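# Chains, contacts and geometry: an overview
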Amino acid sequence: VRLLAPNLVLRNTCARGWSNIPFITVPLSRTHGKSFAHRSELKHAKRIAVKLGSAVVTRGDECGLALGRLASIVEQGREMMIVTSGAVAFGKQRLRHEILLSQSVRQALHSGQNQLKDMAIPVLEARACAAAGQSGLMALYEAMFTQYSICAAQILVTNLDFHDEQKRRNLNGTLHELLRMNIVPIINTNDAVVPPPEPNSDLQGVNVISVKDNDSLAARLAVEMKTDLLIILSDVEGLFDSPPGSDDAKLIDIFYPGDQQSVTFGNKSRVGMGGMEAKVKAALWALQGGTSVVIANGTHPKISGHVITDIVEGKKVGTFFSEVKPAGPTVEQQAEMARAGGRSLAALQPEQRAEIIYHLADLLTDQREEILQANRKDLEEAERRLALPLLKRLSLSTSKLNSLAIGLRQIAASSQDSVGRVLRRTRIAKDLELEQVTVPIGVLLVIFESRPDCLPQVSALAIASGNGLLLKGGKEASYSNQLLHHLTQEALSIHGVKDAVQLVNTREEVEDLCRLDKLIDLIIPRGSSQLVRDIQKAAKGIPVMGHSEGICHVYVDLEASVEKVTRIVRDSKCEYPAACNALETLLIHRDLLRTPVFDQIIDMLRVEQVKIHAGPKFASYLTFSPSEVKSLRTEYGDLECCIEVVDSAQDAVEHIHKYGSSHTDVIITENEKTAEFFLQHLDSACVFWNASTRFSDGYRFGLGAEVGISTSRIHARGPVGIEGLLTTKWLLRGQNHIVSDFSEQGSMKFLHENLPIPQRNTN
């Protein structure tokens, strides 16, 4: 062993190939404990080994290095060791170049341009390529690391270094010393001296050193060095249950020892010999030695720059190897169960779906004591962690359960005319009729915080609309949610569709759920504005229904009734200040300042202990004003509100359009003309006249319940009930019709006659 600062090079020759190293069953020098059981624990990884496969290191033309990818990967390192391939590929490029230069220029010109282009490339011996490529490979690594002020060291190893006890100790000590000095070891097999594998045509007829050698090398070093995490980067997303690219291939999120029998291995990657089977064997050996393993894609141009940090942050990237197998299904399996169950649910008769909901309503009252007991356990554990407004949301009561049961019965009664309702009928031509009918959206993912009463509400709406449902509740309501979900599945079981509603109990991060675009059709967040914003940002390819903020306004017109003003403002702000439909900004007509109406408003807010923030215009009218508002786009969610002055109803509309969130806004006035102007010109989901903002609610609207309040302008808007969870499909019934019959020379003509829509019996 020689230390050549800043590089360390171990140069040992051996007559045997690295691929002869067996996978031993007992790891050596391993005392740091078990591997991480869950992805969420990977953030605690301090020492990481990264194996860069040939497909990651080499460019698409199979020569040279993909420096851009390497730079983005290396930049992310913690305490990191790198096991690299690429010497053969890089050396191949150099030797090819030298051979072409050595050919006679005259002969090349005489052969003609086309023949020169098609000239056969000579077969290059792999060990020669490795010898020529090692120095260039390390030089490029050094140049790249220097840009990030990182020092690197090169280490070449062979089989003998692990079978000779003294050399093994030397290697171990050298690596520890380099890591202690924050130097990144770049480790590779000494391919210049090992014998070649069997001939193959992997690189256009050129024999190469097997990449699986570096898989086993990475696993061995990871265990020897007691690394917390081994990341094996290749050119595939991870481990699939069948060869990637086949129709039914699915990415395996978590792989457990013993699952090998359920996997069919396909061909190896574009370069190298190892293939996925070798990676799995190496990963399982490292896992047994106490090192966690993730196999992921290091070649994707949009994600490779973040792949290591994403893995360490616990995101669902690649395949995670774990020794702890959960008792229940994975979230992907739950989503598939929900889809299958939802389709069976949609195939039921409307009265059967209604029967399920009625039964759930009965269970809420019959099992009242059990539900309240589970809720008390949640409250006891949450009292030390949650603020009072969140504890109120978490709390259930007899009256809440009774209201839930009433709402569910309303949903059941209205569900009989939902799925399969004909919206339009058209006779396109003789014996050719078209129908547009309502159908379920598919699989819904509803993410909710603190409020366990949300679970039966959303479940009933999903059942009524024939949708599969995936529920992700907050951990603060785990006992309540578990029991309520059990009751929901009990109700579904009366018609054999228990799987239609699933509760996610695994440690799934919300961001990971938002990536299941092939399994989930719509995401509905129920919670804080921050939660909604995070989900809207994380959802890739899945539409999100909801609102990020509930900045609700009440405009007090010049012709407002004093009695109505105080009642409506008090109810809008104080009845439930944490609700998304609570008043946040009070707009007052300028001419009401210093009048009895204004004085009564201020007195009422003081009695209710509402903290007032002054808008810029309001503050300008006052000598001593309350604290000026920091932003007119603030959702307080507490006993606080902003007061601002406007000149007219038109001015109020413009203010709300500029600072509001299109949720719920109110005008208080006795002037019908002014009220109608406000109702017609304000572009919000809910616009009220002389009524509290708190009426913006699915139950109060008679929808039975709501999955949320949407402020978007596509699909559903406002409180979303059954109708908002339906989409449409077109049914065309013909008699051997073809389009060419309707051409100028054809025998048929379009009629496009509207037909009466059949009325369904919903009694």
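Structure: see above.
Note that the structure is predicted; figures quoted are calculated from it, not measured.

## Points about the packing of helix H13 (residues 350-366) against helix H14 (residues 368-382)
Orientation of H13 relative to H14, taken along the N-to-C sense of each, is 70°, at an axis distance of 5 Å. The angle between H13 and H14 places the two elements in the roughly perpendicular class. In this structure, H13 uses Leu364, Thr365 and Asp366 to contact H14, whose residues at the interface are Arg368, Glu370 and Ile371. Taken together, the residues of the contact of H13 with H14 break down into 2 nonpolar, 1 polar and 3 charged.

## Things to note about the sheet that holds strand E15 (residues 501-503)
Read from one edge of the open sheet, 4 strands run E15-E14-E13-E16, paired in parallel fashion. Edge positions in the sheet fall to E15 and strand E16 (522-526), since each of these pairs with one other strand and no more. Adjacent strand axes in the sheet meet at a mean angle of 20°, parallel and antiparallel pairs treated alike. Here strand E13 (residues 443-448) pairs with E16 via 5 bridges, running parallel. Paired with Leu445 across the strands is Ile523, a residue of E16. Packing against the sheet, helix H12 (residues 331-346) makes contact with E13, strand E14 (468-473) and E15, and its axis sits at approximately 140° to E14. Most of the contacts of helix H20 (residues 529-538) go to E16, to which it runs at about 160°, and overall it touches E13 and E16.

## Comments concerning the environment of Lys46
If you trace the backbone, Lys46 turns up in the loop between strand E2 (7-9) and strand E3 (47-52). Residue Lys46 is classed as exposed on the basis of its relative accessible area, which comes to 59%. Each C-alpha atom, one on Lys46 and one on Leu229, is 8.2 Å from the other, the two residues being 183 residues apart in sequence. Ignoring sequence-local partners within four residues, the contact set of Lys46 consists of Arg78, Glu79 and Asp228.

## As for the pairing of strand E20 (residues 640-646)
Among the 7 residues in E20, 6 count as buried, and that is most of the element. Pairing of strand E18 (residues 583-589) with E20 involves 5 bridges; the strand directions are parallel. Paired with His589 across the two strands is Val646, which belongs to E20. Where strand E19 (residues 611-614) and E20 come together, 4 bridges link them in parallel fashion. Looking across to E20, one finds that Ile612 is bridged to Cys641.

## Here we look at the packing of aromatic side chains
According to the stated counting rule, one finds 6 aromatic pairs in the structure shown. Between Tyr555 and Phe678, the aromatic rings sit 6.3 Å apart at their centres with planes inclined by 20°, giving stacked as the arrangement. Residue Tyr555 is located in strand E17 (residues 552-556), and its partner Phe678 is located in helix H25 (residues 672-681); the two are separated by 123 residues in the primary sequence. No difference in accessibility class separates Tyr555 from Phe678, as the two residues are buried. On the numbers, 5.9 Å between centres and 65° between planes, the contact of Phe598 with Phe618 is edge-to-face. You can see Phe598 sitting in helix H22 (residues 596-607) and its partner Phe618 sitting in helix H23 (residues 616-620), a full 20 residues away along the chain. Residue classification places Phe598 among the buried residues on the basis of a relative accessible area of 11%. On the basis of relative accessibility, which here comes to 3%, the residue Phe618 falls in the buried class. Against the face of Tyr479 rests Lys377, its NZ or CZ located 4.2 Å from the ring centre.

## Observations regarding the layout of surface pockets
Rolled over the atoms, a probe with the dimensions of a water molecule shows which regions are left empty. Considering only enclosed or pocket space, the second largest pocket measures out at about 1,200 Å³ in volume. Taken together, 50 residues make up the lining of the second largest pocket; nearest its centre are Arg393, Arg451, Arg526, Tyr576 and Ala579. Those elements that provide at least two residues to the lining of the second largest pocket are helix H15 (388-394), helix H16 (398-414), helix H17 (454-465), E16 and H20. When residues in the lining of the second largest pocket are grouped by element, the largest group, 5 residues, is from H16.

## Points about the nonpolar core
Proteins that are soluble and globular tend to have nonpolar side chains buried together. Formed by 50 residues in total, the largest nonpolar core has its most connected members in Leu345, Ile356, Ile357, Ile411, Leu469 and Leu471. The element contributing the most residues to this core is H17, with 8 residues. Those residues in contact with Ile357 that lie beyond four places of it in its chain are Leu408, Ile411, Ala412, Ser415, Ala460, Ile463 and Ala464. One finds Phe162, Ile232, Leu239 and Trp285 within the second-largest nonpolar core, a separate group that totals 37 residues.

## Focus: the pattern of salt bridges
One pass over the structure, following the stated rule, counts 35 salt bridges. As a salt-bridge pair, Asp253 and Arg39 come within 3.0 Å of each other at their nearest N and O atoms. Of this pair, Asp253 sits in the loop between strand E7 (229-234) and strand E8 (254-255) while Arg39 is found in the loop between E2 and E3, placing the two residues 214 residues apart along the sequence. Judged by relative accessible area, Asp253 falls into the buried class, the value being 12%. Shared partners join several salt bridges into a network, and the residues in it are Arg425, Arg427, Glu433, Glu435, Arg733 and Glu753.

## Digging into unusual backbone geometry
What is expected of a backbone is that most residues other than glycine have negative phi and most peptide bonds are trans. Of note, the phi angle at Ser450 is positive, near 65°, even though the residue is not glycine. With respect to the helices and strands, Ser450 occurs in the loop between E13 and H17. What makes Ser450 buried here is its relative accessible area of 4%. In this structure, Ser662 is a non-glycine residue whose phi angle is positive, near 60°. Inspection of the secondary structure assignment puts Ser662 in the loop between helix H24 (649-659) and strand E21 (664-668). Classification of Ser662 by relative accessible area gives buried; the value is 17%.

## Here we look at the environment of Asp228
Residue placement: Asp228 occurs in the loop between helix H9 (212-224) and E7. Put simply, Asp228 and Thr291 are 63 residues apart on the chain and 5.3 Å apart in space, counted from C-alpha to C-alpha.

Conventions adopted
Residues numbered from 1 in each chain as written. Predicted model: local features only at pLDDT ≥ 70, side-chain atom pairs only at ≥ 80, totals over all residues. Heavy atoms only, no water. Axes fitted to C-alpha atoms, helices over the stretch in contact; angles between N-to-C directions. Helix = DSSP H or I, 4+ residues; strand = E, 2+ residues; numbered from the N terminus. Parallel < 35°, antiparallel > 145°, perpendicular 65-115°, else oblique. Contact = heavy atoms within 4.5 Å. Nonpolar A, V, L, I, M, F, W, Y, C, P; charged D, E, K, R; others polar. Pairing = 2+ DSSP bridges. Buried < 20%, exposed > 50% of the residue type's maximum accessible area, 1.4 Å probe, protein only. Phe/Tyr/Trp six-rings, centres within 6.5 Å; stacked < 30°, edge-to-face > 60°. Lys NZ or Arg CZ within 6 Å of the ring centre and 35° of its normal. 1 Å grid on protein atoms, 1.4 Å probe; cavity = no way out; pocket = protein on both sides within 12 Å on 5 of 7 lines; lining within 4 Å. Points joined across faces, edges and corners; volume = space filled by probe spheres on them. Core = buried A, V, L, I, M, F, W, Y, C linked by side-chain atoms within 4.5 Å. Salt bridge = Lys/Arg side-chain N within 4 Å of Asp/Glu carboxyl O.

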